[in-house]
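Structure at a glance
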Amino acid sequence: MESVIEVKNLDLAYGDLVVMRGIDFSVKKGEVFIVMGGSGCGKSTLLKAMIGLNPPQKGKVLYDGVSFWDADEQDRQNIMRRFGVLYQGGALWSSLTLNENVALPLQLYSRLSGTQIQDVALLKLGLVGLGGYADFYPVELSGGMRKRAGLARAIALDPDIIFFDEPSAGLDPLSAKMLDDLILELRDNLGATIVVVTHELASIFAVGDNAILLDADTKTVIAQGPPKKLLADSKDPRVIRFLTRGEKQGAGQ
Amino acid sequence: MSLEKLAFDFSKPGVLQLKLSGDWQLSVGLPAVDTVLAQLDPHPDITEISFSVSRDFKWDSAFISFLLKLSSIAKQKNIRITMQAFPPQIEKLLKFNPSAQAEKITPRKAGEEPFLDSVGSKVIQAKDAALSVLDFLGDIVSALARLIRGKAFFRKDDFFAIVQRCGADALGLVSLISILVGVILAFIGAIQLKMFGAQIYIADIVGIAMVRVMGAVMTAVLMSGRTGASFAAELGIMQANEEIDALRTLGVSPTEFLVMPRVLALVIMLPLLTLYADLMGIAGGFVISTGILGINPVEYFSHTMSAVKLSNLWIGLIHGFVFGIIIAIAGCYRGMRCERSSAGVGEATTSAVVTAITAIVIATAVITFVCQVIGV
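Residues numbered from 1 in each chain as written. Chains lettered and ligands numbered in written order. Predicted model: local features only at pLDDT ≥ 70, side-chain atom pairs only at ≥ 80, totals over all residues.

**Overview of helix α6 (residues 173-190) of chain A**
Residues and elements named next belong to chain A.
- The terminal C-alpha atoms of α6 lie 25 Å apart, and with 18 residues this matches the ideal 26 Å at 1.5 Å per residue to within 8%.
- All buried positions along α6 are accounted for by A176, L179, D180, L182, I183, L186 and L190. Along the long axis of α6, the arc covered by the buried residues comes to 155°, so they all point the same way. Along α6, exposed side chains directed more than 90 degrees from the buried face belong to P173, L174, D181 and D188.
- The elements touched by buried residues of α6 are β3 (32-36), α5 (143-154), β7 (161-165), β8 (193-197) and α7 (201-207).
- Phi for G191, located one or two positions after α6, is positive at around 65°. (Helix = DSSP H or I, 4+ residues; strand = E, 2+ residues; numbered from the N terminus. Expected span 1.5 Å × (residues − 1). Buried ≥ 20, exposed ≤ 12 C-beta atoms within 10 Å, placed from the backbone. Arc of directions from axis to C-beta. Contact = placed C-beta atoms within 7 Å.)

Here is the structure:
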């Protein structure tokens, strides 16, 4: 299968503080790709470099062969329009109702009429199970519902690529499971490619087709492959500790 | 455009076949459901709608929402819809019908309130607001009492940081504005006094006006925009972040810990800033009068000395003291009662400034009136 996203030899840094060095991986069309690692290892920084919020220090991010950070402003906009991003807290605009939140990207970038936009926005809320909450404001919802609403906004424009930043953080196990199921449903129904940044083991094993593990000490990628295969085959004690919550120490220890 | 994508076929009796082709995606746009309904009206015999799709047919969620709408209208008209022509994915997506979910949730908002009801609820709101202001003032007074007995708890470092922020850091802005006010007063005075050949009285006008009221009012307006708004925003965001709840659960009174140092700092600093503004204003008037209007500097100085009495200074400082209380309390009150959202913080900041400036003008009027009555 063809690669939708390719990250080549990427260095991430804040000023002089180097966060990650030489990241290399590719994401295939229609797969759920997981970026895992402990807190503070640079997962979110990597995500920011991929979705165009923070330029990397060095290296390339390619979307279907087009280098994002080398492209001109117009091409970059076009690439970004293919993304949907679910931010950690949902990042809903608090002065808009859920329906208005989902409708805003449609008003900006679709060619639909006003009533069609309303219908599509309502459909997206229906897809995440919030069909009845269209006129609610974000403050009136629970954390899990806010995340699902954020997801409805992320898929407003039927993106080919959806990024999730810590989707299950702060959710109870059932809500987290519900969100994981939604991720798989979106992949199957919309045919989207999905990148998930997370350190929740339950989600990693439930949804991940492929994964990389970042390590804060060496500032590099220390493992790459399907999560279940990594757990079964990896010899690296750091990988085993991460994937078993430190319950197994791994070979040689 | 829509005609090319959507064609109608009535060849089978009782069946409307929709022939779909081309791009039915939200980035391109698609025909309205009404175009299909317009075809149904002249054909009341139709009992079934079916579809055929061409090879270049492309769809996304916009098409799903089109289908959902069409099928809900068809249901009302007792028209059957057959969807064999579509890939299985479409049928899966149709299951997420949002209107089916909507029925489960009871509507939150009632219709419009009758006029009398809305008047009544406004009155009740006003009463609640007045009570909550009194409650807040009471909190401050009891915190002050605890402070005097040495029992109040707040960090001295916080207090001095706030003093620095609402005192020394504001000097530049206060200098600029009060020098300009002095300059403006001198120019306006000069126009009138020239007619009598009494230009030297500019010194009296600038001196008395600045010291008695203008210095205090201009400083207060500046500080309500600068410091009052920042108090409201700071406390508002702390409220939104549950930081204030965290203090309460520690057994620390937020009024003592957060409000007291702010009120104290501003009540001390505003009279001092007023004094400074008075001097700057007089300096501004002095430069213009001696430099441009040709008044002798020594004469200007001695005129100012004799015109501005100590009572004027006291009145100015009392203004500053009262304004300090008003600005600090308006800012802290709005911040502490802030709603937990970004819009709430914005609203709190705005209303802190508006409340403070309104109260400043009212207080000035009251003080001026009282001074008139007691003849100071």
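**Quick word on the sheet that holds strand β2 (residues 17-28) of chain A**
Residues and elements named next belong to chain A.
- Taken in spatial order, the four strands line up as β2-β1-β4-β5 in an open sheet, and their pairing is antiparallel. The strands lining the two open edges of the sheet, one partner per strand, are β2 and β5 (66-67).
- Against the sheet, helix α1 (residues 43-51) makes contact with β1 (3-14), β2 and β4 (58-63), and its axis sits at roughly 120° relative to β1, the strand it touches most. (Pairing = 2+ DSSP bridges. Axes fitted to C-alpha atoms, helices over the stretch in contact; angles between N-to-C directions.)

**A look at the nonpolar core**
- Counting 91 residues, the largest nonpolar core has L125 and F163 of chain A as its most contacted members.
- A229, V259, I282 and Y300 of chain B belong to the second largest nonpolar core, which has 62 residues in total. (Core = buried A, V, L, I, M, F, W, Y, C linked by C-beta atoms within 7 Å.)

**Digging into the sheet that holds strand β4 (residues 48-53) of chain B**
All names here are of chain B.
- A sheet is described by the order of its strands in space; here four strands give the open sequence β1-β2-β4-β6, paired in mixed fashion. Sheet topology places β1 (6-9) and β6 (80-81) at the edges, where each strand pairs with a single neighbour.
- The sheet contact formed by β4 and β6 spans two bridges and is parallel. Across the sheet, the residue bridging to E48 is R80, located in β6.

**Considering the interface of chain B and chain A**
- Contacts between the two partners involve 28 residues from chain B and, on the opposite side, 26 residues from chain A.
- For the side of chain B that touches chain A, the elements supplying multiple residues, two or more each, are α3 (61-76), α4 (88-94), α5 (98-102) and α14 (342-374) of chain B.
- It is α3 of chain B that contributes the most residues to the side of chain B that touches chain A, six residues altogether.
- Partitioning the side of chain B that touches chain A into residue classes produces 12 nonpolar, 10 polar and six charged. (Nonpolar A, V, L, I, M, F, W, Y, C, P; charged D, E, K, R; others polar.)

**A closer look at the environment of L235 of chain B**
Residues and elements named next belong to chain B.
- Along the chain, the position of L235 falls in helix α9 (residues 202-240).
- Looking at L235, the number of C-beta atoms within 10 Å reads 27, which means it is buried.
- Separated by 24 residues in the primary sequence, L235 and V259 place their C-alpha atoms 8.9 Å from one another.
- Setting aside residues no more than four positions away along its own chain, L235 makes contact with L258, C332, G335, M336 and C338.

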